[in-house]
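# Examining the three-dimensional arrangement
Next come the chains, spelled out residue by residue.
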Amino acid sequence: MRNEHFRNPISETAPVRWALILAVLAFLALFVLLPLLVVFTQAFREGWSAYFSALGEPDAVSAIRLTLLVAAIAVPANLIFGLAASWAIAKFDFKGKAFLITLIDLPFSVSPVISGLVYVLLFGANSVLGPFLKSHGLQVVFAVPGIVLATIFVTFPFVARELIPLMQEQGTGDEEAAISLGANGWQAFWYVTLPNIKWGLLYGVLLCNARAMGEFGAVSVVSGHIRGLTNTMPLHVEILYNDYNIVGAFAVASLLALLALLTLVLRTILETQYGSELSATQKH
Amino acid sequence: MEIRVEKIRKEFDLYPALHDVSLKIESGELIALLGPSGSGKTTLLRLIAGLEQPTLGRIFFGEEDASYKTVQERNVGFVFQHYALFRHMNVAQNVAFGLTVRPRHQRPPKAEIRRRALELLDMMQLTGLEKRFPNQLSGGQRQRVALARAMAIEPRVLLLDEPFGALDAKVRKELRRWLREFHDRTGHTTVFVTHDQEEALELADRVVVMSQGKIEQVGSSDDVYDRPNSPFVFSFIGESANLPVSVIDGTVHFHGQSTGLAAQRDGEAHLFFRPQDVSLVEEGPGLSGPVTSSRRLAGTRIAEVELGSAKSPCHVEIEVPLDASVSNGTTLAFRPTRWKLFY
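Only a predicted model underlies this, so the values are computations on that prediction, with no experimental measurement involved. Sequence order as written defines the numbering, with residues in each chain counted from 1. Written order determines the labels here, with chains lettered from A and ligands numbered from 1. Only residues with pLDDT of at least 70 are given local features in this predicted model, and only at 80 or more are side-chain atom pairs given and counted; all residues enter the totals for whole chains, interfaces and linings. Heavy atoms from the whole structure form the basis of all side-chain values; hydrogens and water molecules are not counted.

The next subject is the packing of aromatic side chains. Within 6.5 Å between ring centres, the rings of Phe, Tyr and Trp (the latter by its six-membered ring) count as paired, and their orientation is classed by plane angle as stacked under 30 degrees, edge-to-face over 60, tilted in between. The tally for this structure, following the rule as stated, stands at 22 aromatic pairs over all chains. Measuring from centroid to centroid gives 4.7 Å for Phe27 of chain A and Phe31 of chain A, while their planes differ by 35°, and the two rings are tilted. Taken together, the residues span about one helical turn, with Phe27 of chain A and Phe31 of chain A both in helix H1 (residues 14-43) at a distance of four residues. Cluster of aromatic residues (ring-pair linked, three or more members): Phe81, Tyr119, Phe123, Phe153 and Phe156 of chain A. Here, a charge over a ring is recorded when the distance from Lys NZ or Arg CZ to the ring centre is within 6 Å and its angle to the ring normal is within 35 degrees. In this structure, Arg4 of chain B packs its charged tip against the face of Phe60 of chain B, placed 4.6 Å from the ring centre. Each helix is a run of DSSP H or I of at least 4 residues and each strand a run of E of at least 2, with the numbering of both proceeding from the N terminus.

Below you can see the structure in the form of C-alpha cells.
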C-alpha cells in the first residue's frame, strides 16, 4: 500500500523534473542535433550526385586516404604504448609512478596547437634535428611523418587511461595463478591478462581512433596544408569551406560525422554489454 | 616431498616480514601456518611457492636447493585466497590450463588433457559443472575448482592460502573435513595458511604458530594447546588468563598474597592458565575477588572475577560449576590446577 503523501526525499516534484528534462533536451537539440542536421542537409543540398562527386574529387580522396593511413599507424602505436604503460603502472611498483601517470595525461591538458608547434620547433627548418634528418632524406614537418607524430602525441592517453584503472582493479592474482600453473610470461599475458581487459582495450582503441581521425589543431600546425599531399580530412574540410565550396566541405564533414556516430553506437553497445568489465573506468 | 626452510629472511622495502625462519616439513605431512595478520605466514607460504624471492636463506625441496628456482620450475600447486579462477574460461578450461600451457613436447594430447580434467573434477565431486563459468559457481565449488586446477599439474607439494577464508561457516566445516580426507587419500605434502586456530588445530598434523615474522612454536594440536612455550602462544591459542606475579621463596605471589602455587625460580613473572583449569577453594591460599559478571555458555558457566586492588584491577574469566552461586559481587576464591609461568 503506497502512501499518497509520501515523497521520496531525493526526488523532485513532477514539474521540476519535467523542466529539467526539457532544458537538457532543448540544449542538446540546439548544440548537437541541429549542427548534425546542418552537416547532412548542406552536404546533400545539391543532390546525391553532387555529394558523391565531391567525395570522389582527387584531393578529397587523398585526404581520406591520408586520414586512414595516419590512424592506421597512430592507433596501433598507441595500443602498444597504452598496453605497456598500463601494464607497468598497474602491475609493478617503482619510483616516479605518479609522475608517469601525470605525464600520460599531458596531451589532455596541453592545447593541441602547442603540441603541433613543439614538433615544428623540434623538426622544423630552423631546428637542430630538422636539417640533419632532411640531409638523410627524411622530411618530418609539413609531411606525413610530422602528421603521424602529432596525432600519436595527441591520442596516446586514450588507451592507457582506459586500461590503468581496469588493470589496477584486477591486480596480479590471475597472472600469479597462471604462472604458478607453469605458464610463461607471454602465455600469462595472452591467455589471462588480455582476455580480462579486452573490452576495455577495445573501448580505448575506439576513442583513440575517433580522435586520431578527427584531430585538427596539432595536425594543422605540422601539416603545411599541401593539397593532395598533407591534408587530412578535417584540414580538407576547412580548405574547401574557405573556398566557398559548401557542398564539398560538408560532404567530407559528413564522413567525419558518420565516424562520430558509429563510434558513439559502438561505445554504447560496449557499455551496455560489457559494463561490468569496464566498471573500473566508469568510476572516473 | 620433504621441504626444508633454512634461516629464511624476507624484507619488503627494508621492513623485515620474516626473521631467520627455519622449518622442516616431512613428506606427506599436513601443516598449518597459524598466526594473526602481519605475522608473516602468507609470506612464508609464498616463499615456499617461489612467488617471492627470499632476502637471505635457503629452501630445499627434498635434497634439491630450490631457493632461486622460479615458480614454474618448483612445480607446486598453489591455491589462492580468492581462488583467482580465470573468469573467461569455463571450469574444464580452468582445470586444464596448467596442462595446455606446457611446452609442446611435454604437453599431453588434447583428448588426454580433457580426460584428466574431467577425472579431477570427478574426484572433487564437481561432475557436470565443467561447462560452467566461475561466476556461476558457489564459493565452495570455486574452492574445489581451484584445488582441481592446482592438482592438474601433478604438483610436488600443495600450498593453500587461507583456503576457507571466504566461505560461510557451514561450507567451511564441510570442506575442512573433505580436505583432510583428500590429503589422506593422495598423500601430498600440504601446507596451508590460516588465522583460524580451530581450523588449524582440527585439520593439521602439526601447527606452526607465527607472530611478528617469527615462528613461536611448532607442534601437534596437543602440543600448542596444552604445552604452549611462549606467552604469545598461550594467549593466541584458546582462552587464557594472564596475571603479573612475583615468585618469592618458591611460592607464586599475586599482589603480595600467596597463591599457594609452587615455583622453582624466584623473580617477576607472568602466570598463565586456562578458564577451565581452575578449582574453587573454600579456604587456604588462592586467588580471590568479587564476581563482576557471569554468563551461561552451553554446558558451562563463565564468571569474570576482578583480582588485585581497585586501582589496578585484573579481570580474569574462569569456568565455574553450573550450580555454583555466582551473582555479581559475591567473592570467589580459586586456584589454577594447570598453569605456566613465563619470566
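To continue, consider the pairing of strand E10 (residues 214-219) of chain B. Residues and elements named next belong to chain B. Pairing between two strands is assigned when DSSP locates at least 2 bridges connecting them. Judged from the five bridges that link them, strand E9 (residues 206-211) and E10 form a sheet pairing that is antiparallel. Paired with Ser211 across the strands is Lys214, a residue of E10. The hairpin turn running from E9 into E10, its antiparallel successor, is two residues long, and Gln212 in that turn takes a positive phi close to 50°.

Contacts were defined at the residue level, with two residues in contact if any of their heavy atoms lie within 4.5 Å. In this complex, chain A contributes 17 residues to the contact, which on the side of chain B involves 19 residues. Approximately 1,600 Å² of surface area, both sides summed, lies buried where chain A meets chain B, with 61% of it carried by carbon and sulfur atoms. Area buried by chain A at its contact with chain B is led by Glu176, Ser180 and Leu181 of chain A, which between them contribute 40% of it. By definition, a salt bridge exists where a carboxyl oxygen of Asp or Glu is found within 4 Å of a side-chain nitrogen of Lys or Arg. Between the two partners, chain A and chain B, sit two salt bridges. Between Asp174 of chain A and Arg87 of chain B there is a salt bridge, with the nearest N and O atoms lying 3.3 Å from each other. We define a polar contact as two N or O atoms separated by no more than 3.5 Å, with the added condition that, inside protein, one atom must be a possible hydrogen donor and the other a possible acceptor, whereas residues neighbouring each other in sequence contribute only through side-chain atom pairs. Scanning the region where chain A abuts chain B turns up six residue pairs in polar contact (both at pLDDT 80 or more). Within the residue set of the side of chain A that touches chain B, elements represented by two or more residues are helix H9 (173-180) and helix H10 (185-214) of chain A. At seven residues, the largest contribution of residues to the side of chain A that touches chain B is made by H9 of chain A. Gly is placed with the polar residues, together with every amino acid not listed as nonpolar (Ala, Val, Leu, Ile, Met, Phe, Trp, Tyr, Cys and Pro) or charged (Asp, Glu, Lys and Arg). Split by residue class, the side of chain A that touches chain B holds eight nonpolar, seven polar and two charged. Note on terms: buried area is the combined drop in 1.4 Å-probe accessible area of two parts once they are placed together, counting the loss on both.

The next thing to look at is the sheet that holds strand E18 (residues 314-320) of chain B. Residues and elements named next belong to chain B. If you walk across this open sheet you meet the five strands as E15-E19-E16-E17-E18, and the pairing is antiparallel. Either end of the sheet is taken by a strand with one partner, and the two such strands are strand E15 (278-280) and E18. With strand direction ignored, the average angle separating the axes of adjacent strands in the sheet is 45°. Here three bridges tie E15 to strand E19 (residues 331-336), and the two strands are oriented antiparallel to one another. Of the residues in E19, the one forming a bridge with Ser279 is Arg335. Note on geometry: axes are lines fitted to C-alpha atoms, helical ones only across the stretch in contact, with angles between N-to-C directions running from 0 to 180 degrees.

Take the UniProt feature "transmembrane region" (unreviewed entry) in chain A next. Residue and element names in this part refer to chain A. Under the feature "transmembrane region" (unreviewed entry), the UniProt entry names residues 20-44, 64-87, 99-125, 137-160 and 246-266. The span residues 99-125 is 85% helix and 0% strand, and its two end C-alpha atoms sit 33 Å from each other. Its end C-alpha atoms 30 Å apart, residues 246-266 is made of 100% helix and 0% strand. UniProt positions are given in the numbering used here, feature names are shortened, and annotations may be inferred rather than shown by experiment.

Bringing helix H3 (residues 91-100) of chain B into the picture now. Judged by how many residues are buried, H3 of chain B sits mostly within the fold: eight of ten residues are covered. Among all positions in H3 of chain B, only Val91, Ala92, Asn94, Val95, Ala96, Phe97, Gly98 and Leu99 of chain B are buried. Buried, partly exposed and exposed residues are distinguished by accessible area as a fraction of the type maximum, computed with a 1.4 Å probe on protein chains only: under 20%, between the cut-offs, and over 50%, respectively.

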